[in-house]
Amino acid sequence: TECVSGCVCPEGLFDDGRGGCVEQKDCPCIHNNEWYSSGDKIKVDCNTCTCQKGVWKCSDDVCYGTCMIYGSGHYNTFDGKFYDFDGSCEYVATQDFCGDKNSSGSFSIITENVPCGTTGVTCSKAIKMFLGVSDKTELKLENKEYKEIQRDVGDDVQYWNRTVGLYLVIEASNGLMLIWDKKTSIFIKLSPAYKGKVCGLCGNFDDKANNDFTTRSGLQDTNPLNFGNSWKQSPMCPDVTQEIKPCDLKPHRKSWAEKECSIIQSEVFKICHSKVNPLPYYEACVHDACSCDSGGDCECFCSAVAAYAQECIKAEACVFWRTPDIC
């Protein structure tokens, strides 16, 4: 789009926006403030885009959606809405029976959130996974391992598990995948067949982030607390009424947290900054590093940085950030 035939270049040539004159076929393209030459390819989600005559031409495969829950109550929905919710209860992370009387649903994922540290923030201690329509298979991920609580007799949804590096991966035959770091981070991947058909704290996966706060009763809300409270599993749990700001409660931890978390905005992650905005991840990291005050503060910090690194890898920006001194 930057390629123009102005009065700068001889006839038949175009200003490439970088001080040169090129033929139209050699016009460069721009993506996230970086220039790419004609013929260059980049990955955007699961699609490949090629620069042709100054314009990106992309394949249009439908991609898997990913929802991320990590640290002290941070959520990034399938549609990319980032928010915080510190509830202490069991909540529906995502499920595919959402009020439509005809949908029987083939899965639900429940996150059990408990207080971590003394400031009142919560993190995911255990994950329950229900698979199948009638006699459900139930799996529970807790204390670094997973247990099969109940096995579906009908076997209408099967699953496999494997370990990949630090992560435990559970993949089900209905297009659902769960990736767990055996601590407080969980990534839920869904096949495109579920677009617009799921609900819970991970949103509705319809490619629109602005309607992700749809409550259990089907109403749209703008407040993450009302939205989060609506998805609790037990009416006995108290509602969350205010957002917790751990660095205000523990000001002595704030400068340490900011210093440690600054790695996210540093040169180490530079190649990722133009692809994934570091700011929400940096703020979440500071929040977590302030709140983890009853042991495990390095683990909280490491999980927060790993969450940003994971998003960078998805955006094709591989960052080697772990060192013997850092995580």
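Residues numbered from 1 in each chain as written. Predicted model: local features only at pLDDT ≥ 70, side-chain atom pairs only at ≥ 80, totals over all residues. Heavy atoms only, no water.

1. Examining the layout of surface pockets
Unoccupied space between atoms shows up once a probe the size of one water molecule is rolled over them. By volume, the largest pocket is sized at about 1000 Å³. Lining of the largest pocket is provided by 35 residues; of these, Val44, Asp45, Glu311, Lys314 and Ala315 occupy positions nearest its centre. At the level of secondary structure, the elements contributing two or more residues to the lining of the largest pocket comprise strand 5 (41–44), strand 8 (65–70), helix 5 (279–291) and helix 6 (297–314). Counting residues per element, the lining of the largest pocket draws most heavily on strand 5, at four residues. Here the lining of the largest pocket is composed, by residue class, of 14 nonpolar, nine polar and 12 charged. (1 Å grid on protein atoms, 1.4 Å probe; cavity = no way out; pocket = protein on both sides within 12 Å on 5 of 7 lines; lining within 4 Å. Points joined across faces, edges and corners; volume = space filled by probe spheres on them. Helix = DSSP H or I, 4+ residues; strand = E, 2+ residues; numbered from the N terminus. Nonpolar A, V, L, I, M, F, W, Y, C, P; charged D, E, K, R; others polar.)

2. What to know about the state of the cysteines
By the definition in use, this model includes 13 disulfides. A disulfide bridge connects cysteine 29 with cysteine 51, and the sulfur atoms are separated by 2.1 Å. Residues cysteine 29 and cysteine 51 are joined by a disulfide whose S-S torsion is about 90 degrees; by sign, that bridge is right-handed. You can see cysteine 29 sitting in strand 3 (residues 29–31) and its partner cysteine 51 sitting in strand 6 (residues 47–52), a full 22 residues away along the chain. Of the two residues, cysteine 29 and cysteine 51, both sit in the buried class. Here cysteine 318 stays unpaired: no disulfide links it, and the sulfur of cysteine 312, its closest cysteine neighbor, is 9.2 Å away. (Disulfide = S-S within 2.5 Å. Buried < 20%, exposed > 50% of the residue type's maximum accessible area, 1.4 Å probe, protein only.)

3. A closer look at the packing of aromatic side chains
Per the stated rule, a full pass over the model turns up 13 aromatic pairs. Here the aromatic rings of phenylalanine 213 and phenylalanine 227 are separated by 4.8 Å at their centres, their planes lie at 25 degrees, and the arrangement is stacked. Of this pair, phenylalanine 213 sits in the loop between strand 19 (186–190) and helix 1 (224–230) while phenylalanine 227 sits in helix 1, placing them 14 residues apart in sequence. The pair phenylalanine 213 / phenylalanine 227 is uniform in exposure class, with both members buried. Above the face of the phenylalanine 213 ring, lysine 81 is positioned so that its terminal group lies 4.8 Å from the ring centre. (Phe/Tyr/Trp six-rings, centres within 6.5 Å; stacked < 30°, edge-to-face > 60°. Lys NZ or Arg CZ within 6 Å of the ring centre and 35° of its normal.)

4. Some thoughts on the domain arrangement of the protein chain
Partitioning the protein chain into domains gives domain 1 (13–58), domain 2 (65–230) and domain 3 (246–315). Of note, the centres of domain 2 and domain 3, computed from C-alpha atoms alone, are 23 Å apart. Taken together, the contact between domain 2 and domain 3 spans 21 residues of the former and 18 residues of the latter. For the pairing of domain 2 and domain 3, the buried interface totals around 1500 Å² over both sides, and the portion due to carbon and sulfur atoms is 58%. Across the domain 2-domain 3 interface, the total number found is zero salt bridges. Across the contact surface, domain 2 and domain 3 share six residue pairs in polar contact (both at pLDDT 80 or more). With three residues, the top contributor of residues to the side of domain 2 that touches domain 3 is strand 8. For the side of domain 2 that touches domain 3, the residue count by class is seven nonpolar, 10 polar and four charged. (Domains from an automatic or database assignment. Contact = heavy atoms within 4.5 Å. Buried area = accessible area lost by both parts, 1.4 Å probe. Salt bridge = Lys/Arg side-chain N within 4 Å of Asp/Glu carboxyl O. Polar contact = N/O pair within 3.5 Å; in protein donor to acceptor, adjacent residues only side chain to side chain.)

5. What to know about helix 3 (residues 251–261)
Those residues of helix 3 that sit buried are Arg253, Ala257 and Cys261. Along helix 3, the residues classed as buried sweep out an arc of 55 degrees about the axis, all on the same side. Those residues of helix 3 that are exposed and aimed more than 90 degrees away from the buried face are His252, Ser255 and Lys259. (Arc of directions from axis to C-beta.)

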